[in-house]
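Residue strings, one per chain:
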Amino acid sequence: MTEARKLFIKTYGCQMNVYDSERMAEALGAKGYVLTDTADDADMVLLNTCHIREKAAEKVYSDLGRLRPLKLSKPDLKIGVAGCVAQAEGEEILKRMPLVDLVVGPQSYHRLPDMLERAEAGARVVDTDFPEEDKFDHLPERKVTRGPSAFLTVQEGCDKFCAFCVVPYTRGAEVSRPFARLMDEARALVGKGVREITLLGQNVNAWSNDGRGLGGLIRELARIDGLERLRYTTSHPNDMAEDLIEAHGTEPKLMPYLHLPVQSGSDRILKAMNRKHTAEQYLRLVERIRAARPDILLTSDFIVGFPGETDTDFEATLDLIRAVGFGSAFSFKYSARPGTPAAEKPELPADLCDARLQTLQALLSEQQRATQEAMLGRELGVLYEKAGRMPGQMVGKSDYLHAVHVADAEARPGDLVRVRITASGPNSLAGERIGA
Ligand code: 5AD
Ligand code: SF4
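Residues numbered from 1 in each chain as written. Chains lettered and ligands numbered in written order. Predicted model: local features only at pLDDT ≥ 70, side-chain atom pairs only at ≥ 80, totals over all residues. Heavy atoms only, no water.

Student: Could you clarify how one ought to interpret the overall build of the chain in this entry?
Tutor: For the chain, the count of helices and strands is 14 helices and 21 strands. Along the first, second and third principal axes, the C-alpha atoms of the chain reach 60 × 60 × 45 Å. Within the span of the chain, comprising 436 residues, buried residues form 53% of the whole. A sequence separation of at least 24 residues applies to 71% of the contacts in the chain between residues at least 6 apart. Counting every atom, the chain has about 19200 Å² of accessible surface; 51% of that belongs to carbon and sulfur. Counting 57 positive and 64 negative side-chain charges, the chain places the centres of these two groups 2 Å from one another. (Helix = DSSP H or I, 4+ residues; strand = E, 2+ residues; numbered from the N terminus. Buried < 20%, exposed > 50% of the residue type's maximum accessible area, 1.4 Å probe, protein only. Contact = heavy atoms within 4.5 Å. Areas by Shrake-Rupley, 256 points an atom, 1.4 Å probe, with all protein chains shown as cover. Lys, Arg positive; Asp, Glu negative; His and termini not counted. Charge placed at Lys NZ, Arg CZ, Asp CG, Glu CD.)

Student: Quick question: what am I supposed to make of the pattern of salt bridges here?
Tutor: Once their charged atoms are close, side chains differing in charge can pair, the charge on each being opposite to the other. Evaluation of the coordinates by the stated rule reveals 39 salt bridges. Across the pair Asp 20 and Arg 171 runs a salt bridge, and its minimum N-O distance is 3.0 Å. Of the two residues, Asp 20 is situated in helix α1 (residues 15–29) and Arg 171 in the loop between α7 (167–170) and β9 (175–176); the sequence distance between them amounts to 151 residues. By relative accessible area, which is 2% here, Arg 171 ends up buried. Ionic contacts of the salt-bridge type, sharing partners, join the residues Lys 10, Lys 59, Asp 63 and Arg 66 into one network. (Salt bridge = Lys/Arg side-chain N within 4 Å of Asp/Glu carboxyl O.)

Student: How should the packing of aromatic side chains be read in this particular structure?
Tutor: Applying the stated criterion across every chain yields a total of 4 aromatic pairs. Ring geometry for Phe 161 against Tyr 169: centres 5.6 Å apart, planes inclined by 75 degrees, an arrangement best described as edge-to-face. Judged by relative accessible area, which is 38%, Phe 161 ranks as partly exposed. Judged by relative accessible area, which is 40%, Tyr 169 ranks as partly exposed. Look at Phe 306 and Tyr 334: their rings are 5.4 Å apart centre to centre, the planes differ by 70 degrees, and that puts the pair in the edge-to-face class. (Phe/Tyr/Trp six-rings, centres within 6.5 Å; stacked < 30°, edge-to-face > 60°.)

Student: Would you explain helix α14 (residues 350–373) in this entry?
Tutor: Each turn of an α-helix holds 3.6 residues, which means side chains three or four residues apart point in the same direction. Its 24 residues give α14 an end-to-end C-alpha distance of 34 Å, which sits within 8% of 34 Å, the value for a rise of 1.5 Å per residue. Listed in full, the buried residues belonging to α14 are Cys 353, Arg 356, Leu 357, Leu 360, Leu 363, Leu 364, Gln 367, Thr 371 and Gln 372. Where α14 is buried, its residues meet β15 (297–304), α13 (311–324), β16 (328–333), β20 (416–424) and β21 (429–435). (Expected span 1.5 Å × (residues − 1).)

Student: Would you take a moment to explain the sheet that holds strand β13 (residues 229–233) for this structure?
Tutor: Where strands meet in a sheet, backbone hydrogen bonds hold them as pairs that are either parallel or antiparallel. If you trace the 3 strands from one edge of the open sheet to the other, you get β7-β10-β13, paired in parallel fashion. This sheet does not close on itself; its edge strands, each paired only once, are β7 (149–153) and β13. Strand-to-strand twist of the sheet, defined as the mean angle between neighbouring strand axes without regard to direction, takes the value 25 degrees. Along the sheet, α1 contacts β7, β10 (196–200) and β13; its crossing angle with β7, the most-contacted strand, is approximately 95 degrees. (Pairing = 2+ DSSP bridges. Axes fitted to C-alpha atoms, helices over the stretch in contact; angles between N-to-C directions.)

Student: Is there a simple way to explain the sheet that holds β21 in this structure?
Tutor: Spatial strand order, β17-β18-β19-β21-β20: 5 strands in a closed barrel with mixed pairing. Between one strand and the next, the sheet's axes are offset by a mean angle of 55 degrees, whatever the strand orientation.

Student: I'm lost on the site of ligand 1 in this one. Help?
Tutor: Around ligand 1, the neighbouring residues are Ile 52, Arg 53, Phe 164, Gln 263, Asp 301, Ile 303, Phe 332, Lys 333, Tyr 334, Ser 335 and Arg 337. Side-chain polar atom of Gln 263 to an oxygen atom of ligand 1: 2.6 Å apart, as the coordinates give it. Separating an oxygen atom of ligand 1 from a side-chain N or O atom of Asp 301 is a distance of 2.6 Å. For ligand 1, the protein covers 87% of the area, taking 410 Å² as the surface of the free molecule. Within the shell around ligand 1, the residues separate by chemical class into 5 nonpolar, 2 polar and 4 charged. (Near = heavy atom within 4 Å. Polar contact = N/O pair within 3.5 Å; in protein donor to acceptor, adjacent residues only side chain to side chain. Nonpolar A, V, L, I, M, F, W, Y, C, P; charged D, E, K, R; others polar.)

Student: Help me understand the packing of α1 against helix α6 (residues 112–120), please; the structure alone is not making it clear to me.
Tutor: Packed helix pairs are specified by the crossing angle of their axes together with the interaxial distance, meaning the distance between the axes. Relative to each other, α1 and α6 sit at 60 degrees, their axes nearing to 9 Å. Between α1 and α6, the interaxial angle falls into the category oblique. Read as a crossing pair, α1 and α6 show a hand that is right-handed. For the pair α1 and α6, contact is made by Met 24, Ala 27 and Leu 28 and by Leu 112, Pro 113 and Leu 116, respectively. When its residues are assigned to classes, the contact of α1 with α6 shows 6 nonpolar, no polar and no charged. (Parallel < 35°, antiparallel > 145°, perpendicular 65-115°, else oblique. Left-handed = near helix turned anticlockwise from the far one by under 90°.)

Student: It is not clear to me how helix α2 (residues 54–66) should be interpreted in this structure. Could you clarify?
Tutor: Over its 13 residues, α2 runs 19 Å from end to end, which matches the ideal 18 Å to within 8%, given 1.5 Å per residue. Those residues of α2 not exposed but buried are Ala 57, Val 60, Tyr 61, Asp 63 and Leu 64. One face of α2 carries all of its buried residues, which in axial projection span an arc of 160 degrees. α2 presents Lys 55 and Arg 66 as exposed residues on the side facing more than 90 degrees away from its buried surface. As for α2, its buried residues are in contact with β1 (5–11), β3 (44–49), α3 (68–73), β4 (78–82), α4 (83–89) and α5 (91–96). (Arc of directions from axis to C-beta.)

Student: Looking at this model, I keep getting lost on the nonpolar core. Mind explaining?
Tutor: Most often, soluble globular proteins keep nonpolar side chains buried together rather than apart. By size, the foremost hydrophobic cluster in this structure holds 58 residues, and its most contacted members are Leu 199, Leu 214, Leu 217 and Tyr 232. Sort the elements by how many residues they give to this core and helix α8 (residues 179–191) lands first, with 6 residues. Those residues in contact with Leu 217 that lie beyond four places of it in its chain are Val 154, Phe 179, Leu 182, Met 183, Leu 199, Trp 207 and Arg 212. Grouped together as the second largest cluster of nonpolar side chains are 24 residues, Val 45, Ala 57, Val 81 and Val 103 included. (Core = buried A, V, L, I, M, F, W, Y, C linked by side-chain atoms within 4.5 Å.)

Okay, structure coming up:
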């Protein structure tokens, strides 16, 4: 028997990429590849890339450069680029990086094994099509590799065309996966020990199929015995249907946590971003969501320094943050992406953007700290994911998605327990188990 070949995958960017990397590992697993933790002992290195900001894309090129000595010492090593940089740059990657053997866009992962065969025969291959067939139909069955919490992609692509964003170009138009397939995949995951599923999509709350919206899908998934928790990400404010909001109030398995990017609090900038909602509409939406589930923890994404952003616009963003109170948030300096409408507009000075980002992050960190401290003394559900660093310690996620450390020598990953929160650190909480 020949020894298994080794595959190293580096994943950049969002959770969709984490999910896609798992699926690619499974597709190549069928070809005899097993995962390894380092590039050094790999027979194939796959970079699953992100194109959302310029820095993310440049990092891929510098990582590829760093693989050069390895490729020189191991000429049979195959190097592939997947994900959104692959989609956006295509052939260009082969031209710029002679060490790359294959380039595969996010819609073509089911063709990866064939592409690899051609690469092994000496060809350099590119596939960035948006094929008619659903890649998920052609990928092998899911393996559960990451403990009791799993991702499930329900929707891909985006039709929103925010003026700054490459996603509609790299991931294509919105496509919802069929209801029946998702139910089957979820049941299979639960059969393998999964207790929490996070539904993924670039615009997840636009999912619809078979007369159902995301709220309907969540209600059906919640009926699966053994599946204890549901989450979904990432949502656009304009697709928060009444039915989905209601599910937050009526479906106990739907966790009290929602990532709802707003990007800016200035109506002028929201309009220039083509977000198609105002700050006031976002605030009213938050009110409706909180009416359904008062304790929900909200998180968001912000961009500072969008072209034309004045001090007054930036102040409006700070006002919105103060008005909502976020549990945490991602914030970014605007990064011009070639091919997007905003890239045509003059950029603001870098030092101004740096200063605004610092101010914004200080406010968000303060809110994050306050949100965590408000957990002190509360009794929360915690789903253990793995053993902690201390002997007898477990680490899991609370209902609100905070990492929680608990001294619990008897427990195992996958246990869902009640915990009283006793301490709050910079990035996690600690607690004591009070029940099953
Ligand atoms: N520049 C900066 N941030 C961006 N994002 C998307 N495109 C850009 C860009 N061109 C941010 C948005 C989005 C998150 C995933 O990344 O905040 O919600
Ligand atoms: Fe990009 Fe806007 Fe679509 Fe989100 S909603 S993926 S920011 S275009």
